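Coordinate analysis (summary)
What follows is each chain in one-letter form.
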Amino acid sequence: LKAGYRHIDTARKYGTERVVGEAMRAAGLARADIFLTTKVSHENLRAADFARSVDESLAALKVDYVDLLLIHWPNPDIALSECMPALAKAKRQGLARHIGVANFNVVLLERALELCPEPLVALQAEYHPYLDQAKLLAAARQRGLVFIAYCPLGRGRLLGDPVLAEIAAARGRSVAQVA
C-alpha cells in the first residue's frame, strides 16, 4: 500500500485475511481507495458453507464488504446451480460490490454465467508466456469480463528465460516487465 498498490487480492485459503485487514487499517487510507478481493474456497461452495465463509472473511478482514468476491476453484462435487445463487446472494446483501469466478475453464465459465442471477464481472486465472490461455482470455473478453491474471512470472520460472531476457534487453525493460 505504501508503494501505491490499491488492488489487494486475498483468500480464506491463503490464511492472510486477518493481516491484510490490519495492513489496510494501518495504511490510513480510506476504505473506498482500496479495491479488495477475496475468494470462497472449493470446499465451501454449498449454500450454507458459502455464506459462513463470506461472513468469516469479512470478520477476519474487519470490513463490511469486499469489492470483488470470487469462487476460488470449481468443485466437481458441488453443482454450479448451488453455488452461483449463493455468490449472487452475497452481492445482493451488499457483502460484495462485484462477483466473479477463478480457475474456471470456458465451459464452466459459460455455465456459471447462465446460472448466476447477478452479473459476473471477472475471471481470474493463471496467465503467463508458458501457459497458453488464449481461448480463456478470448471467452472472457467476448463476455465482457475483466480477466485478472495471476502468476504472471510463471512462479518465477520466466525470470531466467533467455528469450525473454533478449526481448527485455532490446527494449530496455526487465524480464518481469516483458512477461
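This report concerns the structure included in the present document.

Thresholds, definitions, all that
Residues numbered from 1 in each chain as written. Predicted model: local features only at pLDDT ≥ 70, side-chain atom pairs only at ≥ 80, totals over all residues. Heavy atoms only, no water. Helix = DSSP H or I, 4+ residues; strand = E, 2+ residues; numbered from the N terminus. Rg over C-alpha atoms; globule rule 2.2 N^0.38 Å. Buried < 20%, exposed > 50% of the residue type's maximum accessible area, 1.4 Å probe, protein only. Contact = heavy atoms within 4.5 Å. Areas by Shrake-Rupley, 256 points an atom, 1.4 Å probe, with all protein chains shown as cover. Lys, Arg positive; Asp, Glu negative; His and termini not counted. Charge placed at Lys NZ, Arg CZ, Asp CG, Glu CD. Pairing = 2+ DSSP bridges. Axes fitted to C-alpha atoms, helices over the stretch in contact; angles between N-to-C directions. Right-handed = clockwise from strand over helix to strand, strands pointing away.

For the rest of this paragraph, the subject is the overall build of the protein chain. Counting its regular elements, the protein chain contains seven helices and six strands. Secondary structure of the protein chain in N-to-C order comes out as β-α-β-α-β-α-β-α-β-α-β-α-α. Computed over the C-alpha atoms, the radius of gyration of the protein chain is 18 Å, within 12% of the 16 Å expected from 2.2 N^0.38 for a compact globule of 179 residues. Across its three principal axes, the protein chain shows a C-alpha extent of roughly 55 × 40 × 25 Å. The burial tally for the protein chain puts 41% of its 179 residues in the buried class. In the protein chain, 66% of the contacts between residues at least 6 apart in sequence involve partners at least 24 apart. Surface accessibility of the protein chain: about 9,600 Å² in total, with carbon and sulfur atoms responsible for 55%. Positive and negative charge centroids in the protein chain, built from 23 and 19 side chains respectively, lie 3 Å apart.

Okay, the sheet that holds strand 5 (residues 122–126) next. The strands that make up a sheet are held in pairs by hydrogen bonds between backbone atoms, and each pair lies either parallel or antiparallel. The sheet built from six strands is open, its strands ordered 1-2-3-4-5-6 with parallel pairing. With partners counted over all chains shown, the strands left at the sheet margins are strand 1 (7–9) and strand 6 (146–150), one partner each. Here the strands of the sheet are splayed against their neighbours by 25° on average, with no regard to which way each runs. When strand 2 (residues 35–40) meets strand 3 (residues 66–71), the two strands line up parallel, connected through four bridges. When the sheet's bridge partners are listed, Thr37 is paired in strand 3 with Leu68. Of the strands in this sheet, strand 3 and strand 4 (96–102) touch helix 3 (residues 80–92), which is tilted by about 155° from strand 4.

Here we take up the pairing of strand 4. Summarising burial for strand 4: five of the seven residues are buried, a large majority. Of the pairings in the sheet, the one linking strand 3 to strand 4 comprises five bridges and is parallel in character. Bridge assignment links Leu70 to a residue of strand 4, and that residue is Gly100. With helix 3 bridging strand 3 and its parallel neighbour strand 4, the resulting β-α-β unit is right-handed. Across three bridges, the pairing between strand 4 and strand 5 is parallel. Looking at strand 5, one finds that Val101 is bridged to Leu123. This β-α-β element, strand 4 to helix 4 (residues 106–115) to strand 5, shows right-handed connectivity.

Among the secondary structure elements, Glu118 is positioned in the loop between helix 4 and strand 5. By relative accessible area, which is 18% here, Glu118 ends up buried. In contact with Glu118, not counting residues within four places along its chain, are Ala88, Lys91, Arg92 and Ile99.

Read these as geometric descriptors, not functional statements.
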